[in-house]
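# Working through the structure, step by step
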Amino acid sequence: MCSVDDRCLEARGLSFSYGSASFIEELDLVLPPGQLTAVLGPNGSGKSTLLKLFDGLLEPSCGEVRVGGRLLKSLRAAERAQLVAYLPQEAPCPSMTVRSYVACGRHPYTGMGGKLDPESWQRVDAALERVGLEQLAGRDMAELSGGQRQLARLALVIAQDTPIVLLDEPVTYLDISAAHKLMAIARSLAKHEGKTVVVVIHDIELALRYAQKVALMHKGVLKGVFTAEEAALSGLLERVFSMRVVPIPGEAPGSYAVVPRDDPCRPSAFPGALPGRH
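Residues numbered from 1 in each chain as written. Predicted model: local features only at pLDDT ≥ 70, side-chain atom pairs only at ≥ 80, totals over all residues. Heavy atoms only, no water.

## Let's talk about the pattern of salt bridges
For clarity, the threshold we go by: When a carboxyl oxygen of Asp or Glu lies within 4 Å of a side-chain nitrogen of Lys or Arg, that pair is called a salt bridge. Helix numbering and strand numbering both begin at the N terminus, where a helix is a DSSP run of H or I of at least 4 residues and a strand a DSSP run of E of at least 2. Partly exposed residues are those whose accessible area sits between 20% and 50% of the maximum for their type, while under 20% is buried and over 50% is exposed, using a 1.4 Å probe and protein chains only.
Here the structure, examined in full by the defined rule, presents 10 salt bridges. Between Arg-123 and Glu-119 there is a salt bridge, with its nearest N and O atoms 3.5 Å apart. With a gap of four residues between them, Arg-123 and Glu-119 both fall in helix H4 (residues 118-131), about one helical turn apart. Given a relative accessible area of 32%, Arg-123 falls into the partly exposed group. Residue Glu-119 is classed as partly exposed on the basis of its relative accessible area, which comes to 43%.

Laid out in structure tokens, this is it:
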């Protein structure tokens, strides 16, 4: 168990049901600061539901979520917003400038007047620069592409500056270059800023490349938390997804290709690759 000072994210005996149907059952998970954890699993595994439980958007039917040793449900909304930032799969696109939108991430720190101080505006501008949108700060959100809007949402989360960051399928609207950039930023938030970063993602290759830990879920059950290398080479991912995970020779550690078990391109796809499991 993490100490109170660690401000880590913990789930103890966490269960959730949609109506009478049990969806997540007695899940135990401890996520310490300084790590990027990718949550992987097929559709319907409970990944996005888990993030909503971590953010307090859903109430567990049993068990508890703790942030830094404190019960999540005991925190006031403003307290929770200063500890946990959440980027959902989809978010509305308001008619406002990109800079004003990103500034919404600073509202948990404003007083009764709701005005941002100079330090908050500095954080907003730094977040825009970090995601590469500083030149579009004065544009209306509605004028941005889907990928640019997603980067603006990430900038809002960065500006919120919480010790815990939850990202739900953040690369969905991004091209491959932007997806790598986003995951690199997520890893940097964990590795260099000591944040607890949790990313729900379907791209297994990106997850294995950037995450330090992989939490594997299947049908509402947490199968375990592994290092990226353990997840890639143990055969667990292959059994859950019915895919082969193949290391790419000559590339940086953590570089894997994910291909069908009966891949017609296998003989020439990656010459010299280690043989996959069947």
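## A look at the pairing of strand S11 (residues 243-247)
Definition in use: Note on pairing: two strands pair once DSSP finds at least 2 bridges between them.
Counted residue by residue, S11 has four buried out of five residues, so it is predominantly covered. Pairing of S11 with strand S12 (residues 256-260), which is carried by five bridges, proceeds in the antiparallel orientation. Residue pairing for S12: Val-246 is matched across the bridge by Ala-257.

## Things to note about helix H6 (residues 176-191)
An α-helical turn contains 3.6 residues, so any two residues separated by three or four positions project in the same direction. Operational definition: Multiply 1.5 Å by the residue count of a helix minus one, and that product is the helix's expected span. Two residues form a contact once any of their heavy atoms are found within 4.5 Å. Any pair of N or O atoms that falls within 3.5 Å is considered a polar contact. Within protein, one atom must be able to donate a hydrogen and the other to accept it, and sequence-neighbouring residues count only if both atoms are side-chain atoms.
For H6, built from 16 residues, the straight-helix expectation of 22 Å at 1.5 Å per residue is met to within 8% by its first-to-last C-alpha distance of 22 Å. Turning to H6, its buried residues number three or more, namely Ala-178, Ala-179, Leu-182, Met-183, Ile-185, Ala-186, Ser-188, Leu-189 and Ala-190. Residues of H6 that are buried in the fold lie against strand S3 (36-40), H4, helix H5 (146-160), strand S7 (164-168), strand S8 (196-200) and helix H7 (204-210). Structurally, the start of H6 carries an N-cap: the backbone nitrogen of Ser-177 is 3.2 Å from a side-chain oxygen of Asp-175.

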